[in-house]
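Residues per chain, in single letters:
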Amino acid sequence: MPDDVRLKKLAGELLLMGQSGQYNYFRCIARNDAAAAQLAIFEFVKSAIHVIFLINKVYMPYYKWSFLSLSRLSALSEFHSHLEWLISNDNSESSVKRKKEEIDYISSRIISALQDEKITCFSGEQLEGHAYSVNDKITDSNSCEVNYMIRNIIFKPNKNLITCQLEFEVFA
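Residues numbered from 1 in each chain as written. Predicted model: local features only at pLDDT ≥ 70, side-chain atom pairs only at ≥ 80, totals over all residues. Heavy atoms only, no water.

Asks: I tried to follow the overall build of the protein on my own but got confused; where do I start?
Replies: Secondary structure assignment for the protein yields seven helices and two strands. Overall, the protein shows an N-to-C arrangement of helices and strands of α-α-α-α-α-α-α-β-β. When the 172 residues of the protein are sorted by exposure, 43% land in the buried category. Residue pairs at least 24 apart in sequence account for 54% of intrachain contacts in the protein once pairs closer than 6 positions are excluded. (Helix = DSSP H or I, 4+ residues; strand = E, 2+ residues; numbered from the N terminus. Buried < 20%, exposed > 50% of the residue type's maximum accessible area, 1.4 Å probe, protein only. Contact = heavy atoms within 4.5 Å.)

Written out as structure tokens, the structure reads:
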């Protein structure tokens, strides 16, 4: 995958991680909406898995194999058990406290990995700030203009060319 595409996907997933895990999960808990809180956790975990694959520079497999494959990666594979705990537990008061700790730990370790790669210059703990910093590292102006919320960028070989198909989530 071209590095600018990797950076764009990283930026988008970091933004979703921050939005779902660092922000929306706790808003849902505050309004006693357990179902929405659990959906926010699922989104956080899904984006975290994608980020970890992107950090490893490995294509993420189809979702039903991605969790198992995560445990076999060279970097950040230890998050397998942390992410599994997040999606496997309820939102009781004690679980919410631990989920906050897990979200903070996972986020800080991912930020450290991005800083080690020198692809983020942001110094805060909010993933949103790191998403914009990663996006600023993109050198191809066409890649910069792609929307953060595009979930999947698929590359398909076409003779000697690579074509890019963007999949947009459509709202009716």
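Asks: What's the story with the nonpolar core in this structure? I'm lost.
Replies: General note: in soluble globular proteins, nonpolar side chains tend to be found buried as a group. Grouped together as the largest cluster of nonpolar side chains are 41 residues, with contacts concentrated most on Leu14, Met17, Leu83, Leu86 and Ile110. Counting residues per element, the ones that place at least two in this core are helix H1 (3-30), helix H2 (34-55), helix H3 (63-70), helix H4 (79-88), helix H5 (93-116) and helix H6 (127-135). (Core = buried A, V, L, I, M, F, W, Y, C linked by side-chain atoms within 4.5 Å.)

Asks: I would appreciate a short explanation of the side chain of Gln22 in the present structure.
Replies: Turning to its location among the elements, Gln22 is positioned in helix H1. Assessed through its relative accessible area of 18%, Gln22 is described here as buried. A distance of 3.0 Å separates the side chain of Gln22 from the backbone oxygen of Glu125, its partner in a polar contact. A polar contact is formed between the side chain of Gln22 and the backbone nitrogen of Leu127, at a distance of 2.9 Å. Dropping the residues within four chain positions of it, Gln22 is found in contact with Met17, Ile103, Ser107, Glu125, Gln126 and Leu127. (Polar contact = N/O pair within 3.5 Å; in protein donor to acceptor, adjacent residues only side chain to side chain.)

Asks: Is there a simple way to think about the pattern of salt bridges in this case?
Replies: If charged atoms from side chains of opposite charge come close, those side chains can pair. All chains considered together, the criterion is met by seven salt bridges. For the salt bridge of Arg6 with Asp3, the shortest nitrogen-to-oxygen distance reads 3.2 Å. Taken together, the residues Arg6 and Asp3, both in helix H1 and three residues apart, mark about one turn of the helix. Residue Arg6 is classed as buried on the basis of its relative accessible area, which comes to 5%. For Glu101, the salt bridge is made with Lys97, and the minimal N-O distance between the two is 3.7 Å. (Salt bridge = Lys/Arg side-chain N within 4 Å of Asp/Glu carboxyl O.)

Asks: How should unusual backbone geometry be read in this particular structure?
Replies: Excluding glycine, residues mostly carry a negative phi; peptide bonds, for their part, are mostly trans. Look at Lys57: it is not a glycine, yet its phi comes out positive at around 60°. Positive phi is not limited to glycine here, since Lys118 has a value of about 60°. Structurally, Lys118 is set in the loop between H5 and H6.

Asks: Honestly, the packing of H2 against H5 in this entry has me stumped. Any pointers?
Replies: Two quantities define a packed helix pair, namely the angle between the axes and the distance from one axis to the other. Taken N-terminus to C-terminus, the directions of H2 and H5 make an angle of 20°; their axes are 11 Å apart at the nearest point. Taken together, H2 and H5 sit at an angle that is classed as roughly parallel. Viewed along their axes, H2 and H5 form a crossing whose handedness is left-handed. Along the contact surface, H2 presents Gln38, Ile41, Phe44, Val51, Ile52 and Ile55, while H5 presents Lys99, Ile103, Ile106, Ser107, Ile110, Ala113 and Leu114. Considered class by class, the residues forming the contact of H2 with H5 number ten nonpolar, two polar and one charged. (Axes fitted to C-alpha atoms, helices over the stretch in contact; angles between N-to-C directions. Parallel < 35°, antiparallel > 145°, perpendicular 65-115°, else oblique. Left-handed = near helix turned anticlockwise from the far one by under 90°. Nonpolar A, V, L, I, M, F, W, Y, C, P; charged D, E, K, R; others polar.)

Asks: How should the packing of H4 against H5 be read in this particular structure?
Replies: At a closest axis distance of 10 Å, the pairing of H4 and H5 adopts a crossing angle of 145°. H4 and H5 meet at a crossing whose hand is left-handed. Here Phe79, His82, Leu83, Trp85 and Leu86 of H4 lie close against H5, whose contacting residues are Ser95, Arg98, Lys99, Glu102, Ile103, Tyr105, Ile106, Arg109 and Ile110. Looking at the contact of H4 with H5 residue by residue, the classes come out as eight nonpolar, two polar and four charged.

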